[in-house]
Amino acid sequence: MEEILKVNSIEQYNQLFGFETTHPLVGHVRFDHASQQKQYRMSMGFYALFLKETKGCVINYGKTTYDFDDQTIVCFAPGQTVGFTPITGKPAKSRGILFHPDFIRGTSLRQKIKKYTFFSYEANEALHLSEKERIVITNCLDIIHMELERPIDRHTQEIVTTNIELLLDYCLRFYERQFITRKPLNTSAIARFETLIDEYLDAGQAATEGLPSVKYFADKICLSPNYFGDLIKKETGKTAKEYIQLKMIEAAKEQLLHPDKTVSEVAYRLGFQYPQHFVRFFKKYEGLTPGQYKQQRN
């Protein structure tokens, strides 16, 4: 089995690739030399965002390949294990920002970091940049790089975190643009999602496999749960979980119309282990219990 490099600090990363460490908790790196092109698997203890200027390597999360081309953004969160394999004859030219969770502790960026869900994106979810967008990203990287070249002082953390936050906000905006420009693909994914939910509930699959989950349907559509959730929210205005629960309510209503089906039977068929959980779930959405709904309709 291939060894996984555990790189917990910015300094360890810099030593591995021959970069200078200008700050122990944050760094700007640039890959453009053949000596930096090697195959490895790595688990990093910090956030990393790279602008891939050429498609000079293949990136893998386990068995899943990160689909990107030149002028794309790829992002990694602490603890993710990522594999890099160079492509023969193509230089792996890229630049990026690395920042440790300790660097943003106590800052506004720390409060916002969870909203940047693209750090958890997996397959086929790189951010593809237009030429104007690339210029915006490189300008942000240039400012951060310039600041890190200065001696560390009491202003360093605030200025660098502010510009990292700006960089991530632009990425968030550009990802939303990508959702719009890929609308036909997104619409196809949502149609597939609806079909899968209907099949799961109508065929009684929930009775054997449990309550339907966002991860289950994301896996079926070959998207990561976070990317899938963002797509559903963007297209429908509801979270993926809310969408699933509304579908479950509709399925419950249909099944409760059958006079020979008890509330307990409907609960188990929808994946609830205990009927009382189904009763609370149904009443939360409908304002009355399944038994009351059944009485009104039959």
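Our subject is the structure listed above.
Residues numbered from 1 in each chain as written. Predicted model: local features only at pLDDT ≥ 70, side-chain atom pairs only at ≥ 80, totals over all residues. Heavy atoms only, no water.

*Asks:* Honestly, the overall build of the protein in this entry has me stumped. Any pointers?
*Replies:* The secondary structure content of the protein amounts to 13 helices and 10 strands. The buried share of the protein, taken over its 298 residues, is 46%. Partitioning the contacts of the protein with sequence separation of at least 6, the portion at a separation of at least 24 is 72%. Surface exposure of the protein reaches about 15,300 Å², of which carbon and sulfur atoms provide 50%. (Helix = DSSP H or I, 4+ residues; strand = E, 2+ residues; numbered from the N terminus. Buried < 20%, exposed > 50% of the residue type's maximum accessible area, 1.4 Å probe, protein only. Contact = heavy atoms within 4.5 Å. Areas by Shrake-Rupley, 256 points an atom, 1.4 Å probe, with all protein chains shown as cover.)

*Asks:* How do you make sense of the pattern of salt bridges when you look at a structure like this?
*Replies:* Pairs can form between side chains of opposite charge once their charged atoms are near each other. Applying the stated criterion to the full structure yields 12 salt bridges. Notably, a salt bridge pairs Arg 134 with Glu 131, separated by 2.7 Å at the nearest N-O pair. Here Arg 134 and its partner Glu 131 are both found in helix 4 (residues 131-149), 3 residues apart, which amounts to about one turn of the helix. Judged by relative accessible area, Glu 131 falls into the partly exposed class, the value being 47%. Measuring nitrogen to oxygen at the nearest pair gives 3.9 Å for the salt bridge that ties Lys 253 to Glu 250. Here Lys 253 pairs with Glu 250, and both are found in helix 10 (residues 240-256), just 3 residues apart, close to one helical turn. Classification of Lys 253 as buried rests on a relative accessible area of 17%. Here Glu 250 falls in the partly exposed class, since its relative accessible area comes to 45%. Members of the salt-bridge network, linked through shared partners, are Lys 112, Lys 115, Glu 165 and Asp 169. (Salt bridge = Lys/Arg side-chain N within 4 Å of Asp/Glu carboxyl O.)

*Asks:* Would you take a moment to explain the sheet that holds strand 7 (residues 72-76) for this structure?
*Replies:* Neighbouring strands of a sheet are bound in pairs by backbone hydrogen bonds; such pairs are parallel or else antiparallel. With antiparallel pairing, 5 strands are arranged side by side in an open sheet as 2-9-4-7-10. Each of the sheet's edge strands pairs with one partner strand only, and the pair in question is strand 2 (26-31) and strand 10 (127-128). Bridging between strand 4 (residues 47-52) and strand 9 (residues 94-99) involves 6 bridges; their strand directions are antiparallel. If you follow Ala 48 over to strand 9, its bridge partner there is Leu 98. Sitting on the sheet, helix 1 (residues 10-17) is in contact with strand 2, strand 4 and strand 9, with an inclination near 20° to strand 2. (Pairing = 2+ DSSP bridges. Axes fitted to C-alpha atoms, helices over the stretch in contact; angles between N-to-C directions.)

*Asks:* Can you walk me through the nonpolar core in this structure?
*Replies:* Among soluble globular proteins, nonpolar side chains are generally buried collectively. Core analysis: the biggest nonpolar cluster contains 66 residues, and Phe 99, Phe 119, Leu 168 and Phe 278 have the highest contact counts within it. By residue number, the principal contributor to this core is helix 5 (residues 156-181), which donates 9 residues. Non-local contacts of Leu 168, meaning those with residues more than four positions away in its chain, are made with Leu 49, Phe 99, Leu 109, Ile 113, Tyr 116, Phe 118 and Phe 119. (Core = buried A, V, L, I, M, F, W, Y, C linked by side-chain atoms within 4.5 Å.)

*Asks:* Before we go on, may I ask you to explain the packing of aromatic side chains in this structure?
*Replies:* The description of an aromatic ring pair rests on the distance of the ring centres and on the angle between the ring planes. Under the criterion given, the structure shown has 25 aromatic pairs. Between the aromatic rings of Tyr 13 and Phe 46, the centroid separation amounts to 5.9 Å while the plane-to-plane angle is 85°, which identifies the pairing as edge-to-face. Of this pair, Tyr 13 sits in helix 1 while Phe 46 sits in the loop between strand 3 (40-44) and strand 4; the two residues are 33 residues apart in sequence, bridging distant segments of the chain. Each member of the pair Tyr 13 and Phe 46 is classed as buried. Taken together, the ring pairs connect Tyr 13, Phe 17, Phe 19, Phe 31, Phe 46, Phe 50 and Phe 76 into an aromatic cluster. (Phe/Tyr/Trp six-rings, centres within 6.5 Å; stacked < 30°, edge-to-face > 60°.)

*Asks:* I'm lost on helix 10 in this one. Help?
*Replies:* In an α-helix there are 3.6 residues to a turn, and that puts residues three or four apart on one side. Between its first and last C-alpha, helix 10 extends 24 Å over 17 residues, near the 24 Å set by a 1.5 Å rise per residue. All of the buried residues along helix 10 are Ala 240, Tyr 243, Ile 244, Gln 245, Met 248, Ile 249, Ala 251, Ala 252, Lys 253, Gln 255 and Leu 256. (Expected span 1.5 Å × (residues − 1).)

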